[in-house]
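Chain by chain, the residues:
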Amino acid sequence: MSNAKQTKSLKKKEKLTGFDIMYKVITIIMAIAMFPLCYFANMIYVQMDHTQIANLWGSLTQNDNPELGVTYEEISLAKLPELIDTLSSFGSGDASVNIWSYEHFRPAIIAAGFLALALVLGLVVIGFAAFSRNIKAIAGISAAGFVSTLISLGIFNEAFAKPIIDGTVSLSELFKVNNILGSLALQYIGKITAISPREAFFSVMFIMLGICLWSLCVLLVNASDEAEKKSIKK
């Protein structure tokens, strides 16, 4: 048997230390925690300014200082089916079947795809942590998950949210409302002044970053232990 094969067989026979078990348990708990947080916590924050409808109401009621209302909505993945039903009732066509046809929502869908990729990588991390001792692989996979969330954030903010907030894309264009009455109604409902990811998104991002940093720290500890053992043997 060659030296390389002997080394591999010895590594396989090595028992898990208490520190190894702790690393596995903490890593698995962190990765699993992403999923309920991503589903139940708020994913998107939307704020609307109702200045136009407030001014219209003020002129009708002869109120020189109508109360200008600002409302907001926080959307979680658990509320997503309800949101899609609302979208389909506004626009032309069935959004629940063909939401990709809403061109201004496509960047948001692509951003969601990168977030979903990070969640898939989270499952891979769980598999590696449970059945492997390859800490370098876990560090690399979690780093890839973190980068995926950064890409998702950039696409969402720049390609989806920014055109809506600065008025480049109106609510009528966003929801593909072509009739005059519907367009006027959306115009007077208000203007979206803020739209941004919330804690559900950032929980995935920072947990992935945390797993990566945690794994790198463990690698450094293991490397220092190995160096200490070699110096003792000498």
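Analysis parameters
Residues numbered from 1 in each chain as written. Predicted model: local features only at pLDDT ≥ 70, side-chain atom pairs only at ≥ 80, totals over all residues. Heavy atoms only, no water. Helix = DSSP H or I, 4+ residues; strand = E, 2+ residues; numbered from the N terminus. Buried < 20%, exposed > 50% of the residue type's maximum accessible area, 1.4 Å probe, protein only. Contact = heavy atoms within 4.5 Å. Areas by Shrake-Rupley, 256 points an atom, 1.4 Å probe, with all protein chains shown as cover. Pairing = 2+ DSSP bridges. Axes fitted to C-alpha atoms, helices over the stretch in contact; angles between N-to-C directions. Expected span 1.5 Å × (residues − 1). pLDDT = per-residue confidence, 0-100. Bend = angle between axes of the 7 residues up to and from the residue. Polar contact = N/O pair within 3.5 Å; in protein donor to acceptor, adjacent residues only side chain to side chain. Salt bridge = Lys/Arg side-chain N within 4 Å of Asp/Glu carboxyl O.

Novice: Just checking my understanding: could you explain the overall build of the protein for this structure?
Specialist: Each helix and strand counted, the protein has ten helices and three strands in total. Helices (α) and strands (β) of the protein occur, in sequence order from the N terminus, as α-α-β-α-β-α-α-α-α-α-α-β-α. For the protein, with 234 residues in total, the buried portion stands at 32%. Across the protein, every contact between residues at least 6 apart in sequence was considered, and the portion connecting residues at least 24 apart equals 78%. Total accessible area computed for the protein in this model is approximately 14200 Å², and 66% of it derives from carbon and sulfur atoms.

Novice: Before we go on, may I ask you to explain the sheet that holds strand E2 (residues 70–76) in this structure?
Specialist: Two strands in a sheet stick together by hydrogen bonds in their backbones, pointing the same way (parallel) or opposite ways (antiparallel). The strand order across the open sheet built from three strands is E2-E1-E3, with neighbouring strands paired in antiparallel fashion. Single-partner strands in this sheet number two, and they are E2 and strand E3 (191–197). In this sheet, neighbouring strand axes are inclined to one another by 15 degrees on average, regardless of whether the strands run parallel or antiparallel. As defined by bridge partners, strand E1 (residues 42–49) adjoins E3 across six bridges and the pair is classed as antiparallel. Across the sheet, the residue bridging to Gln 47 is Ala 194, located in E3. Helix-sheet contacts for helix H7 (residues 135–165) involve E1 and E3, and the interaxial angle to E3 is about 175 degrees.

Novice: How should helix H6 (residues 106–131) be read in this particular structure?
Specialist: The periodicity of an α-helix, 3.6 residues per turn, causes residues three or four places apart in sequence to face the same way. End to end, H6 covers 38 Å across 26 residues, agreeing with the expected 38 Å (1.5 Å per residue, within 8%). Within H6, burial applies to Pro 107, Ala 108, Ala 111, Leu 115, Ala 118, Leu 119, Leu 121, Gly 122, Val 125, Ile 126 and Ala 129.

Novice: Could you clarify how one ought to interpret the confidence of the model for the protein in this entry?
Specialist: Atomic detail in the predicted coordinates should be set aside for any region of low pLDDT. Looking at the protein as a whole, the pLDDT averages 82, with 72% of positions reaching at least 70. When mean pLDDT is compared element by element in the protein, H7 scores highest at 97, while helix H1 (residues 3–13) scores lowest at 50. For residues 92–96, every residue scores under 50 in pLDDT, and the model assigns this stretch 13 contacts once sequence neighbours within four places are set aside.

Novice: Sorry, what's going on with H7 here?
Specialist: Between the first and last C-alpha of H7 there are 43 Å, a value that for 31 residues agrees with the 45 Å anticipated at 1.5 Å per step. The largest bend along H7 measures about 30 degrees and falls at Asn 157. Where H7 begins, one side-chain oxygen reaches toward the backbone nitrogen of Lys 136, 3.4 Å away; that side chain belongs to Asn 134. Following H7 by one or two positions, Gly 167 has its phi on the positive side, about 90 degrees.

Novice: Which parts of the structure should I look at to understand the pattern of salt bridges?
Specialist: Side chains that differ in sign of charge can pair as their charged atoms come close. The full count for this structure, using the stated rule, is three salt bridges. Arg 133 is paired through a salt bridge with Asp 20; the nearest N and O atoms lie 3.1 Å apart. Linking Arg 133 in the loop between H6 and H7 with Asp 20 in helix H2 (residues 18–40), this pair joins segments that are 113 residues apart in sequence. Overall, Arg 133 belongs to the partly exposed group, its relative accessible area being 41%. You can call Asp 20 buried: its relative accessible area is 17%. Across the pair Lys 162 and Glu 158 runs a salt bridge, and its minimum N-O distance is 3.8 Å. Separated by four residues within a single helix, Lys 162 and Glu 158 lie in helix H7, roughly one turn from each other. Looking at Lys 162, the relative accessible area reads 46%, which means it is partly exposed.

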